[in-house]
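An overview of the molecular structure
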Amino acid sequence: MPTSPPVEVAVAVLTRADGSFLLASRPTDKLYSGYWEFPGGKIEAGETPLQALTRELDEELGITINAATPWLTRVFSYPHATVRLHFYRVTRWQGTPTPREQQQLVWQTADKISVAPLLPACIPVLRSLTLPPVYAITHATETGIETSLATIQQALQNGLKLLQIREKAMPHDQLEHYAQAVVQLAHSHQAMILINQDIDLAQALHTDGVHLTSTQLLSLTTRPAVDWCGASCHNQAELKHAEQLGVDFVTLSPVLPTLSHPDMKPLGWDKFSTLIRDYSLSVYALGGVQPADLATAQAHGAHGIAMMRGI
Ligand SMILES: Nc1nc2c([nH]c(=O)n2[C@H]2C[C@H](O)[C@@H](COP(=O)(O)OP(=O)(O)OP(=O)(O)O)O2)c(=O)[nH]1
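All of these numbers come straight from a predicted model, not from anything done at the bench.

Quick notes on the rules
Residues numbered from 1 in each chain as written. Predicted model: local features only at pLDDT ≥ 70, side-chain atom pairs only at ≥ 80, totals over all residues. Heavy atoms only, no water. Pairing = 2+ DSSP bridges. Helix = DSSP H or I, 4+ residues; strand = E, 2+ residues; numbered from the N terminus. Axes fitted to C-alpha atoms, helices over the stretch in contact; angles between N-to-C directions. Contact = heavy atoms within 4.5 Å. Phe/Tyr/Trp six-rings, centres within 6.5 Å; stacked < 30°, edge-to-face > 60°. Buried < 20%, exposed > 50% of the residue type's maximum accessible area, 1.4 Å probe, protein only. Lys NZ or Arg CZ within 6 Å of the ring centre and 35° of its normal. Core = buried A, V, L, I, M, F, W, Y, C linked by side-chain atoms within 4.5 Å. Near = heavy atom within 4 Å. Polar contact = N/O pair within 3.5 Å; in protein donor to acceptor, adjacent residues only side chain to side chain. Areas by Shrake-Rupley, 256 points an atom, 1.4 Å probe, with all protein chains shown as cover. Nonpolar A, V, L, I, M, F, W, Y, C, P; charged D, E, K, R; others polar.

Strands sit in the order β4-β1-β6-β5 across an open sheet of four strands; the sheet is mixed. Every interior strand has two partners, whereas the edge strands, β4 (40-42) and β5 (64-77), have only one. Ignoring strand direction, the axes of neighbouring strands in this sheet form an average angle of 20 degrees. In terms of strand pairing, strand β1 (residues 7-14) meets strand β6 (residues 82-94) through eight bridges, oriented parallel. Paired with V13 across the bridge in β6 is R89. Together, β1, β4, β5 and β6 form the strand contacts of helix α1 (residues 49-61), whose direction differs from that of β1 by roughly 65 degrees.

Now the structure itself:
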């Protein structure tokens, strides 16, 4: 029997400055009535996802979108249909969200959801929403350990929440000591810490997980047993494999010319956004990017930016 194409849906993660986002209960006349969901609805013929979202937020909440960036696209199969959800992050709007379809509205944070049940397709997205916009990567072999630890401490004090230890040329003994110090620093600031490549060390030091190299990613057929798993990607094949493996997020690089990989041709923002159009995982733009590039990265579909220098 031929399968029908997925129903295309545009969905808004309407986010306030404090990081909380809006959930709405589904009205009584709809399937899954009473379930909580992100505001949005089906994309009509001839509409782009953003046009549909603009219409839906006006109809459902009486607001006008001022700033929205593409985020994740996830396919989910319900018994009644398969849906493809085009998530947008909406950070600025005009008007106050007001229930226009007898729905209830509630502001929530990803780590503390107080309403239930959620539409099943929304649940995996909550994990992605806990990921911060900046992902820092260490380069202590270059700067020296003391400088690196001082820089990390300062960055943590300034709000850094996600860090990868990537010291490919550091002798193993030294790496263990350095990593121990970084884990302690990160955890004392409620930041997450991943280790590049070394799954055993990541587990031994009670880090939050591992960041796979692209070669390691392609060689794996099952996801490592860690809480958080990131992966480095440079092309479509790696992006696809990361999805199949079920990692939590990826970096895609190099976006711009970068000191650490001077021989690699940068993707540029257009190719970057083409590669991750309709992608289901959070993507950090990496390679030559600076804090000032965050808005550009998000406008091109990135979750955020990853940086070695510039933290
Ligand atoms: N709006 C929204 N829909 C979601 C989410 N998660 C999820 O699986 N869906 C599914 C449920 C539905 O099958 C589909 C959206 O359809 P809908 O019935 O709400 O669409 P609509 O507002 O255009 O309403 P209608 O014209 O069909 O009555 O997407 C979500 O977070 N928000």
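Moving on, we come to the packing of aromatic side chains. As enumerated under the stated definition, the model contains eleven aromatic pairs in all. Relative to F249, the ring of Y135 lies with its centre 5.2 Å away and its plane at 90 degrees, an arrangement referred to as edge-to-face. Of the two residues, Y135 is situated in strand β8 (residues 134-137) and F249 in strand β13 (residues 249-252); the sequence distance between them amounts to 114 residues. A relative accessible area of 0% means that Y135 is categorised as buried. Judged by its relative accessible area of 0%, F249 falls in the buried class. Summarising the aromatic geometry, the rings of F249 and Y284 are spaced 5.4 Å apart at their centres and angled 80 degrees between planes, so their arrangement reads as edge-to-face. In this pair, F249 is assigned in strand β13 and Y284 in strand β14 (residues 282-286), connecting sequence segments 35 residues apart. Here R16 stacks its cationic end above the ring of W107, 4.1 Å away from the centre of that ring.

This part is about the nonpolar core. Residues L212, V247, V250, L252 and F272 are the most contacted members of the largest nonpolar core, which totals 51 residues. Sorting elements by how many residues they give to this core places helix α5 (residues 172-188) first, with seven residues. Residues contacting F272, with those up to four places away along its chain left out, are L252, V255, L267, V283, A285, A297, H300 and A302. Counting 23 residues, the second-largest nonpolar core is a separate cluster that includes L23, F38, A121 and L126.

Our focus in this paragraph is the pairing of β6. Bridge count for β5 against β6 is eleven bridges, and the pairing is antiparallel. Bridge pairing in β6 places T69 opposite R89. The antiparallel pairing of β5 with β6 creates a hairpin that spans four residues between the two strands.

On to the site of the ligand, then. Taken together, 18 residues lie near the ligand, and R26, K30, F38, K42 and Y78 sit nearest. Separating an oxygen atom of the ligand from a side-chain N or O atom of K42 is a distance of 2.4 Å. Considered on its own, the ligand offers 630 Å² of accessible surface; in the complex 81% of this is hidden by protein. Those elements that place two or more of their residues in the shell around the ligand are β1, β4, α1 and β6. For the shell around the ligand, the leading source of residues is β4, giving three residues. Along the lines of polarity and charge, the residues of the shell around the ligand split into nine nonpolar, three polar and six charged.

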